[in-house]
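# An overview of the molecular structure
What follows is the residue order along each chain.
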Amino acid sequence: MSESHPFSVRPVLDIVVSARSGAQAMDRINMQALAATKSRNSLIAVINDEKGHLELVHGAGTDWQGGLSGERFVIDVGMREGIVAYVAATGAGVMTGNVNEEPRYRNLFGTTLSEIAVPVRDAFGRIRAVLNIESDEENAYDEQTYSYCEQVAMLIGIVLEREEAWTEREALIEVGQALDRSTSEEDLLGRVVRVAADFLRFQACSVFLWEPKRELFMLRASTGQLSDKIGKIGYKRGEGCTG
């Protein structure tokens, strides 16, 4: 094990304060965590709430390559998806000094011997991502390293929440501009659902409005597979989730 030493999260805090974007903050945090823990790799996997899986979005280190960006993990407590997926599913952090003795380990790089994975939570305690550091030395980490990773994970949570707030603000601005530019109700609804789909990362977004004469909630705007059925389909009161 490498010689134990106290860690400071002040450099990470400085990054959170000064970074101009969430992506920049994540990349710089990875580099800082890599150096502070003397790791081989530092990775951040973010939960895609819509699709229900983890996406490896940011990384740094000897084995990190751009081609790994977007690598997906099913959020599961089983053995096949690995330590990171287990942490996302349970909220329990993992530290191991020898991954070969860890049944949940998923061999991503082939050089890893020691690993720490901790959950990243938002202000409501919901798991949003997982911070993962890896070393090619056996028993490379100790409790101080683990505690440092937990503190870094808290700051990553702040970055993710701030990024989400920026996205929501941009969406509101776009909606306001849509109100000014729209020439009809149909045009306005179309612009609003496109903004919602783009900024809130929906695969599909639809608006149904109540039409008293038909006594139906009629489809008036959509960005998904229903876009060619606008004005043609509707729901009765109490019918399905929409009705």
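All right, on to the environment of Asn98 then. By the secondary structure assignment, Asn98 is in the loop between strand S4 (94-96) and strand S5 (114-121). Taking C-alpha positions, Asn98 is 5.7 Å from Glu138, a pair spaced 40 residues apart along the chain. Setting aside its immediate chain neighbours within four residues, Asn98 contacts Leu113 and Glu138. A distance of 3.0 Å separates the side chain of Asn98 from the backbone nitrogen of Asn100, its partner in a polar contact.

Next up on the list: the nonpolar core. If you look at the biggest cluster of nonpolar residues, it comprises 28 residues, and the most contacted ones within it are Ile29, Leu131 and Ile156. Ranked by the residues each element gives to this core, the list is headed by helix H4 (residues 143-181), at 9 residues. Not counting residues within four places of it along the chain, the set of residues in contact with Ile29 comprises Val12, Ile15, Val16, Val152, Ile156 and Val159. Counting residues in each nonpolar core, the second largest holds 21 residues, with Trp64, Ala88, Val94 and Phe109 among its members.

One open sheet holds the 6 strands; their spatial order is S3-S2-S1-S6-S5-S4, and the pairing between them is antiparallel. Of all the strands in the sheet, the pair left with one neighbour each is strand S3 (71-74) and S4. The sheet shows a mean angle of 25° between the axes of neighbouring strands, direction not considered. As judged from the 3 bridges shared by S4 and S5, these two strands associate in the antiparallel manner.

Secondary-structure assignment places Val17 in helix H1 (residues 10-18). According to the relative accessible area criterion, Val17 is exposed, its value standing at 64%. The spacing of Val17 and Val159 is 142 residues in sequence and 9.2 Å in space, taken between C-alpha atoms.

With that settled, consider the sheet that holds strand S8 (residues 216-222). Read across the open sheet, the 3 strands follow the order S7-S8-S9; overall the sheet is antiparallel. For this open sheet the edge positions go to strand S7 (206-211) and strand S9 (234-235), each flanked by a neighbour on one side alone. In this sheet, S8 lies alongside S7 in antiparallel orientation, the contact comprising 6 bridges. Bridging from a neighbouring strand, Val207 pairs with Ala221 of S8.

Let us look at the pairing of strand S1 (residues 41-48). With 8 of 8 residues buried, S1 lies mostly within the body of the structure. Side chains of S1 alternate between two faces, with Asn41, Leu43, Ala45 and Ile47 and Ser42, Ile44, Val46 and Asn48 buried alike. Bridge count for S1 against strand S2 (residues 53-61) is 8 bridges, and the pairing is antiparallel. What sits directly across from Asn48, in S2, is His53. Alignment of S1 against strand S6 (residues 127-135), held across 6 bridges, turns out to be antiparallel. Looking across to S6, one finds that Ile44 is bridged to Leu131.

Per the stated rule, a full pass over the model turns up 7 salt bridges. Note that Asp14 is salt-bridged to Arg10, the shortest N-O span being 2.9 Å. Linking Asp14 with Arg10, this pair stays in helix H1, spanning 4 residues, or about one helical turn. The exposure class assigned to Asp14 is partly exposed, which follows from its relative accessible area of 37%. By relative accessible area, which is 53% here, Arg10 ends up exposed. For Arg126, the salt bridge identified is with Asp122, shortest N-O distance 2.7 Å. In this structure Arg126 comes out as partly exposed when scored by relative accessible area, which is 47%. We classify Asp122 as buried; its relative accessible area is 6%. Residues participating in the shared-partner salt-bridge network are Arg40, Asp63 and Asp136.

The rules behind these values
- Residues numbered from 1 in each chain as written.
- Predicted model: local features only at pLDDT ≥ 70, side-chain atom pairs only at ≥ 80, totals over all residues.
- Heavy atoms only, no water.
- Helix = DSSP H or I, 4+ residues; strand = E, 2+ residues; numbered from the N terminus.
- Contact = heavy atoms within 4.5 Å.
- Polar contact = N/O pair within 3.5 Å; in protein donor to acceptor, adjacent residues only side chain to side chain.
- Core = buried A, V, L, I, M, F, W, Y, C linked by side-chain atoms within 4.5 Å.
- Buried < 20%, exposed > 50% of the residue type's maximum accessible area, 1.4 Å probe, protein only.
- Pairing = 2+ DSSP bridges.
- Axes fitted to C-alpha atoms, helices over the stretch in contact; angles between N-to-C directions.
- Salt bridge = Lys/Arg side-chain N within 4 Å of Asp/Glu carboxyl O.

Any link to function would need more than the numbers given here.
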